[in-house]
Amino acid sequence: MRRSRAFIPTMKEAPNDASLPSHIFLARAGFISQVAAGLYNYMPLAKRVIRKIENIINEEMEAVGAQEVELSFVTPVSLWMESGRVEKFGKELLRFKDRKENLFVLGPTHEEMMVDLVRNRVTSYRNLPLNLYQIKTKFRDEARPRFGLMRGREFIMKDGYSFHATIEDLDREFDAMERAYKKILTRLGVDFRVVEADSGAIGGSGSKELMVLADSGEDTIAVCSKCEYGANIEAAKRGARAVIPEAPEANFNKFLTSNVKTIDELAEFFKIDPYYTIKCIAKRVVYEDESEIVLFFVRGCDNLQEVKALNATDALDIVDVDEDELREIGLTPGFIGPLDQDKVKHVIDTDLKDATNMICGANEQDYHFVGVALGVLSDVAYFAEIAEVNEGDICPNCDGVLSFTKGIEVGHIFKLGSAYSEALKAEFLDENGKPQPFIMGTYGMGVSRLVAAIVEQNHDKKGCRWTKATAPYMVNIIISNIKNEAQVELGEKLYGQLQESGVEVMLDDRKERFGFKMKDAELIGFPYTIIIGKELANGAVQICDNQTTKKILVPIDNIYAQIMELL
RNA sequence: CGGGGUGUAGCUCAGUAUGGUUAGAGUACUUGGUUUGGGACCAAGGGGCCGAAGGUUCGAGUCCUUUCACCCCGACCA
């Protein structure tokens with residue numbers, strides 16, 4: 001492509017609504033333009049990057065025997081009624097009517113559609129397993145779209161669904177897909193981690209997220225210093241503590257603790273480690289038709305992990321409560337302890353099971369109990385894992401130490417089981433001629449989000465630093481002075497040679513000054529820029545490596561061979 | 001959905017407290033000339049319903065009401 005003919009509207013200044021580097025550079029370098037909140041136009045450069053990602057996905061899906069389909073974007077709301085997800089998705093589902101007043105939604109994901117496609121068409125175990133996928137625009141009417149392509153309302157996603165006769169076969173496919181996904185991200189050239197995840201309200205056993213590591217990631221993930229363990233903080237587990245602080249010795253007793261309300265104050269008051277205190281977090285948990293206040297107890301050194309709390313209570317939502325509400329039902333904020341079991345439901349972190357030498361609220365203004373042994377609650381209380389892991393905790397799989405890092409979720413795979421096939425009555429006949437619901441897996445990968453994630457992980461102050469597998473063009477040839485005939489001649493010759501060799505090459509033949517073209521090239525992020533300029537007088541040109549920004553001098557006779565070698 | 005903020009040229013932003021010539025700058029764009037290794041310089045141009053609607057006033061970008069859009073924090077996010 002000749003730069004003089006290319007539609008690449010670069011800008012010196014970013015639109016002021018861009019905050020993340022990926023958003024700023026993709027906008028400035030002429031990849032995307034915003035249309036409305038969470039909606040973007042992809043311009044030629046972005047389109048090329050997207051196609052490269054899609055090609056790699058297609059190749060790897062082909063390799064594992066998944067078949068590509070494309071389902072209609074507009075989907076009848078009746079399917080969503082069948083699965084019961086109309087309410088679950090709520091306002092994120094963009095609903096509208098056609099001229100005949102029929103209700104439709106813009107597909108935010110395609111479980112229902114895919115099950116509908118397969119049901120009554122695949123009817124025998126002999127035709128299983130089956131893995132179908134598509135790469136398609138999705139629409140979710142997010143409450144708050146942000147971060148450019150990272151969290152748009154309209155986005156491109158690869159979504160795949162597998163159908164199996166047995167759980168064992170699903171497990172096999174799940175592992176195969178994990179390997180395929182790892183291979184895709186490796187080929188794209190990004191630094192990533194596969195982590196254990198919460199499977200969300202939809203349920204399912206195995207759930208793994210593929211995270212591109214980047215500081216601006218929205219997810220916090222815990223990773224082990226020694227082994228491969230990694231998990232989303234929402235699902236992270238930990239091993240037994242390596243060092244347990246010295247226990248405060250005391251017999252069971254009620255102690256006057258005037259105005260000592262917080263864990264910090266309590267630990268200071270008794271001169272003890274917060275490990276031996278019990279923290280109470282009161283929340284209102286919301287179910288489909290009702291809600292109630294539940295008290296969650298964790299060690300004073302821990303925090304409540306709300307997603308875990310949600311799973312422990314099987315609730316739809318968890319919201320804050322204020323102190324007045326607590327007083328109304330006879331609780332004393334600041335002094336609530338787990339020994340009083342009859343007012344509201346309690347959930348106690350498993351780490352507190354049979355704990356001894358504890359200090360906790362006495363459910364009475366200005367009093368705490370000391371020397372508490374929770375063994376007495378073993379049979380009456382509900383214990384569940386609700387504490388959030390901390391940095392420095394021990395890995396659940398080895399003796400390494402957990403630390404936190406930020407990640408961008410670009411893939412999520414999990415085992416659906418038969419939730420959808422049962423809801424939509426999608427069945428096959430097994431070996432005994434008995435109808436069985438399909439056992440399913442689902443495999444998502446955010447294509448447009450990957451575009452942003454790649455830049456988020458690969459950029460510097462000047463612009464994008466595309467990986468070789470994702471760069472819109474591999475080589476950019478700058479003719480420093482378009483009026484210099486020798487420069488033009490060599491540029492054109494090289495351009496032709498590289499094109500013939502199948503190299504994706506851009507020829508910057510604009511009537512601009514050198515600095516302008518160079519800045520532009522660095523903003524866009526071509527892996528290699530060949531500079532035909534003043535060194536030509538010495539029979540040489542330069543190759544600028546975009547990763548290192550180093551320039552090397554190459555004699556003109558070697559330039560073609562040299563660049564072909566670098567690619 | 002709660003809290004906050006911003007809407008003026010393609011982009012970045014002045015101008016609005018205290019209403020008063022023809023609404024400005026930088027950048028980008030067009031033309032001519034000079035320049036040609038790090039977003040050049042000179043000259044001349046084009047480009048605006050001051051987000052929208054209503055109101056107050058002799059007069060509104062500026063004051064009042066309504067509304068829409070976008071951004072940020074939070075909630076939400078199979």
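Residues numbered from 1 in each chain as written. Chains lettered and ligands numbered in written order. Predicted model: local features only at pLDDT ≥ 70, side-chain atom pairs only at ≥ 80, totals over all residues. Heavy atoms only, no water.

Let's shift gears to helix α8 (residues 306-313). Within the span of α8, buried status applies to V307, K308, A309, A312 and T313. You can read the cap of α8 off the contacts: a side-chain oxygen lies 2.7 Å from the backbone nitrogen of V307, and it is on Q305. (Buried < 20%, exposed > 50% of the residue type's maximum accessible area, 1.4 Å probe, protein only. Helix = DSSP H or I, 4+ residues; strand = E, 2+ residues; numbered from the N terminus. Polar contact = N/O pair within 3.5 Å; in protein donor to acceptor, adjacent residues only side chain to side chain.)

Before going further, it helps to examine the nonpolar core. With 63 residues, the main nonpolar core has F31, I53, M61, Y181, L185 and W466 as its most contacted residues. Excluding its chain neighbours within four sequence positions, the residues that come into contact with W466 are L26, F31, V49, V451, I454, V455, A471, P472, I524, G525, P527 and Q547. Counting 30 residues, the second-largest nonpolar core is a separate cluster that includes Y276, I348, V370 and V372. (Core = buried A, V, L, I, M, F, W, Y, C linked by side-chain atoms within 4.5 Å. Contact = heavy atoms within 4.5 Å.)

Now for the environment of L429. Within the secondary structure, L429 sits in strand β24 (residues 427-429). Of the residues examined, L429 reaches a relative accessible area of 42% and is grouped as partly exposed. For L429 and I439, which are 10 residues apart along the polypeptide, the C-alpha to C-alpha distance reads 13 Å. Beyond its immediate sequence surroundings of up to four residues, L429 is in contact with T123, S124, Y125, K434 and P435.

With that out of the way, let us pick up the side chain of N363. Structurally, N363 can be placed in strand β19 (residues 358-364). At 3.0 Å, the side chain of N363 and the backbone nitrogen of G337 are in polar contact. With residues up to four places along the chain from it excluded, the contact list for N363 reads T332, F335, I336, G337 and D340.

This part is about the sheet that holds strand β21 (residues 383-384). The strands that make up a sheet pair up through hydrogen bonds in the backbone, lying either parallel or antiparallel. Pairing is mixed in the open sheet, where 5 strands are placed in the order β17-β14-β15-β18-β21. Both outer strands of the open sheet, β17 (317-320) and β21, are each paired with one neighbouring strand and no more. Strand direction decides the pairing type here: strand β14 (residues 278-286) and strand β15 (residues 291-299), joined by 9 bridges, are antiparallel. Note on β15: the bridge partner recorded for C280 is F297. The strands touched by α8 within the sheet are β14, β15, β17, β18 (345-349) and β21, with β17 carrying the most contacts at an inclination of about 120°. (Pairing = 2+ DSSP bridges. Axes fitted to C-alpha atoms, helices over the stretch in contact; angles between N-to-C directions.)

This part is about the pairing of β15. Of all 9 residues in β15, 7 are buried, a share of seventy percent or more. Connecting β14 to the next strand, β15, in antiparallel fashion are 4 residues. Here β15 runs beside β18; their pairing, made up of 4 bridges, is parallel. By the bridge assignment for β18, L295 is matched with H346.

The full count for this structure, using the stated rule, is 40 salt bridges. Of the charged contacts in the structure, one is a salt bridge between E101 and K97, with a shortest N-O distance of 3.7 Å. Neither residue differs from the other here; E101 and K97 are each classed as exposed. As a salt-bridge pair, E385 and K308 come within 3.2 Å of each other at their nearest N and O atoms. One end of the pair, E385, is in the loop between β21 and β22 (387-388); the other, K308, is in helix α8, with 77 residues separating them in the sequence. (Salt bridge = Lys/Arg side-chain N within 4 Å of Asp/Glu carboxyl O.)

Entries for chain A in the domain assignment read domain 1 (44-73 + 106-237 + 404-456), domain 2 (253-388) and domain 3 (475-566). Put simply, the middle of domain 1 and the middle of domain 3, counted by C-alpha atoms, are 41 Å apart. (Domains from an automatic or database assignment.)

Bringing the protein's contact with RNA strand B into the picture now. Neighbouring RNA strand B are 46 residues; R144, R151, F516, E522 and K551 lie closest to it. Here RNA strand B approaches the protein such that, of its atoms within 4 Å, sugar and phosphate make up 43%. Between K12 and RNA strand B, the recorded distance is 2.6 Å, taken from a side-chain N or O atom to a sugar or linking oxygen. Between a sugar or linking oxygen of RNA strand B and a side-chain N or O atom of N481, the distance comes to 3.1 Å. Sorting the residues of the surface near RNA strand B by element identifies β1 (32-36), β23 (402-417) and α13 (514-524) as the ones contributing at least two each. (Near = heavy atom within 4 Å.)

Okay, unusual backbone geometry next. Leaving glycine aside, a negative phi is the common case for residues, and trans is the common case for peptide bonds. Going from L128 to P129, the amide bond is cis rather than trans, its omega being 0°. Inspection of the secondary structure puts P129 in the loop between α5 (111-118) and β7 (130-139). Phi angles above zero are rare outside glycine, and K271 is one such case at about 55°. Relative to the helices and strands, K271 resides in the loop between α7 (263-270) and β14. Classification of K271 as exposed rests on a relative accessible area of 65%. With a phi close to 60°, D314 is a non-glycine residue in the positive phi region. Mapped onto the elements of the fold, D314 is located in the loop between α8 and β17.

Right, let's get into the packing of aromatic side chains. Throughout the structure, instances matching the rule amount to 10 aromatic pairs. Here F31 and W466 contribute two aromatic rings whose centre-to-centre distance is 5.3 Å and whose plane-to-plane angle is 35°, an arrangement assigned as tilted. Separated by 435 residues along the polypeptide, F31 in the loop between α1 (21-28) and β1 and W466 in the loop between α11 (447-457) and β27 (475-479) bring together distant segments of the chain. Accessibility classification places F31 together with W466 in one group, the buried group. Ring-pair connections join several aromatic residues into one group, and the members of that group are F163, F428 and F438. One residue, R299, lies across the ring of Y275, its end atom 3.8 Å from the ring centre. K415 extends its terminal NZ or CZ atom over the ring of F174, reaching a point 4.9 Å from the ring centre. (Phe/Tyr/Trp six-rings, centres within 6.5 Å; stacked < 30°, edge-to-face > 60°. Lys NZ or Arg CZ within 6 Å of the ring centre and 35° of its normal.)

Before going further, it helps to spend a moment on the sheet that holds β19. The 3 strands lie next to each other as β13-β20-β19, forming an open sheet whose pairing is antiparallel. The sheet is open, and its two edges are formed by β13 (253-256) and β19, each paired on a single side. Mean inter-strand twist for the sheet, computed between neighbouring axes without regard to direction, equals 35°. Pairing of β13 with strand β20 (residues 367-372), which is carried by 4 bridges, proceeds in the antiparallel orientation. Opposite F255, over in β20, you have H368 as the bridge partner. Each of β13, β19 and β20 is contacted by α7, which is oriented at about 100° to β13, the strand it contacts most.

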